[in-house]
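Report on the structure
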Amino acid sequence: MTVTLEARWFGPAPLPGALQEWFTSSGSAETSTQTDLYLPAEDPALNLKMRDDQIQIKRRLAGPLSTTFSDAASGRCEQWGKWTLDLEGPSSALWDDDPTDLWVPVEKTRHQRSFAPDEQPALTDALPTTPPATLDAELTTVEAAGNTAWTLCLEAEGPAQGLADTLMAAGPVVLDETLPVSLTPDQSFGYVRWLQQRPTVTTRPAPDVQIPRR
């Protein structure tokens with residue numbers, strides 16, 4: 001199990017060129033492409049997804065908490081507990097055999113920067129005295145059920161005592177006045193809520209697997 005504190009925002013496609021240039025020009029970023037399978041629940045406090053041969057369960061532990069990082073970025077922070085378990089086979093088998101129609105493939109192209117605790121003094125001298133956490137910044141384009149968007153996320157991961165201090169010390173430095181877009185609270189939520197808002201995504205199972213009504 002790992003514990004994280006994250007703030008995430010979604011925006012409509014296409015990804016603004018200025019935002020991508022800002023993110024990639026401010027430091028070395030790793031780029032990856034992957035497809036995750038999500039099982040959207042009716043409760044956005046529960047997140048279940050599969051990637052390759054692993055399944056990840058996320059449960060919101062606290063939040064959403066209103067947070068302001070800078071004049072250009074304010075949103076809602078959520079604390080999550082995450083459990084990652086190995087599967088016996090690849091999750092892609094569900095793509096061809098899901099009688100419930102509940103699992104949703106989400107294609108992602110992700111740019112990610114990671115700041116380990118010993119790298120964070122280069123960002124700011126206002127570091128916490130609590131146990132430090134790793135800070136990740138992520139800019140991702142997503143496509144699911146015929147819908148496309150981009151999402152920007154800041155995530156602190158590590159000892160629970162250091163999550164808030166790490167995010168609030170380093171977050172305003174990352175999301176400073178050079179940020180070329182405005183990030184607002186109404187854009188700030190997790191993947192499950194974003195999927196719930198898609199008109200072609202449902203949290204109700206296919207009629208064929210439900211008990212017939214008499």
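Now for a quick tour of the structure. (Residues numbered from 1 in each chain as written. Predicted model: local features only at pLDDT ≥ 70, side-chain atom pairs only at ≥ 80, totals over all residues. Heavy atoms only, no water.)

1. Looking at the nonpolar core
Ranked by internal contacts, the top residues of the largest apolar core, which has 28 residues, are Leu19, Phe69, Leu167, Leu175, Leu179 and Leu183. For this core, the secondary-structure elements that each account for two or more residues are β1 (2–12), α1 (17–25), β5 (73–86), β7 (134–144), β8 (147–157) and α3 (160–174). Setting aside chain neighbours within four positions, we find Phe69 in contact with Ala7, Trp9, Cys77, Leu167, Met168, Gly171, Pro172 and Leu175. One finds Val106, Val142, Phe189 and Val201 within the second-largest nonpolar core, a separate group that totals twelve residues. (Core = buried A, V, L, I, M, F, W, Y, C linked by side-chain atoms within 4.5 Å. Buried < 20%, exposed > 50% of the residue type's maximum accessible area, 1.4 Å probe, protein only. Helix = DSSP H or I, 4+ residues; strand = E, 2+ residues; numbered from the N terminus. Contact = heavy atoms within 4.5 Å.)

2. As for unusual backbone geometry
That bond from Ala13 to Pro14 is cis: its omega, 0°, falls within 30 degrees of zero. For Pro14, the location among the structural elements is in the loop between β1 and α1. Here the amide bond leading from Gly63 into Pro64 is cis, since omega sits at 5°, within 30 degrees of zero. Looking at where Pro64 falls in the secondary structure, it is placed in strand β4 (residues 54–70). The backbone of Asp52 shows a phi angle near 55°, a positive value even though the residue is not glycine. Structurally, Asp52 is set in the loop between β3 (46–51) and β4. Looking at Asp52, the relative accessible area reads 55%, which means it is exposed. Positive phi values are uncommon outside glycine, yet Ala145 reaches one of about 50°. Assignment of secondary structure puts Ala145 in the loop between β7 and β8. Residue classification places Ala145 among the partly exposed positions, given a relative accessible area of 38%.

3. Describing the sheet that holds strand β2 (residues 30–38)
Read around the closed barrel, the eight strands follow the order β1-β5-β4-β3-β2-β6-β7-β8; overall the barrel is antiparallel. Geometrically, the sheet is characterised by an average inter-axis angle of 35° between neighbouring strands, direction not taken into account. Of the pairings in the sheet, the one linking β2 to β3 comprises two bridges and is antiparallel in character. Counterpart to Tyr38 in the pairing with β3 is Lys49. (Pairing = 2+ DSSP bridges. Axes fitted to C-alpha atoms, helices over the stretch in contact; angles between N-to-C directions.)

4. Quick notes on the state of the cysteines
Applying the stated criterion across every chain yields a total of zero disulfides. Cys153 forms no disulfide, and the closest cysteine sulfur to it belongs to Cys77, at a distance of 9.5 Å. What makes Cys153 buried here is its relative accessible area of 2%. (Disulfide = S-S within 2.5 Å.)

5. A few points about the pattern of salt bridges
This structure, assessed with the given rule, holds nine salt bridges. Between Lys49 and Asp36 there is a salt bridge whose closest N-O contact spans 4.0 Å. With Lys49 in strand β3 and Asp36 in strand β2, this residue pair connects regions lying 13 residues apart in the sequence. In this structure, a network of salt bridges that share partners links the residues Glu6, Arg8, Lys58 and Glu138. (Salt bridge = Lys/Arg side-chain N within 4 Å of Asp/Glu carboxyl O.)

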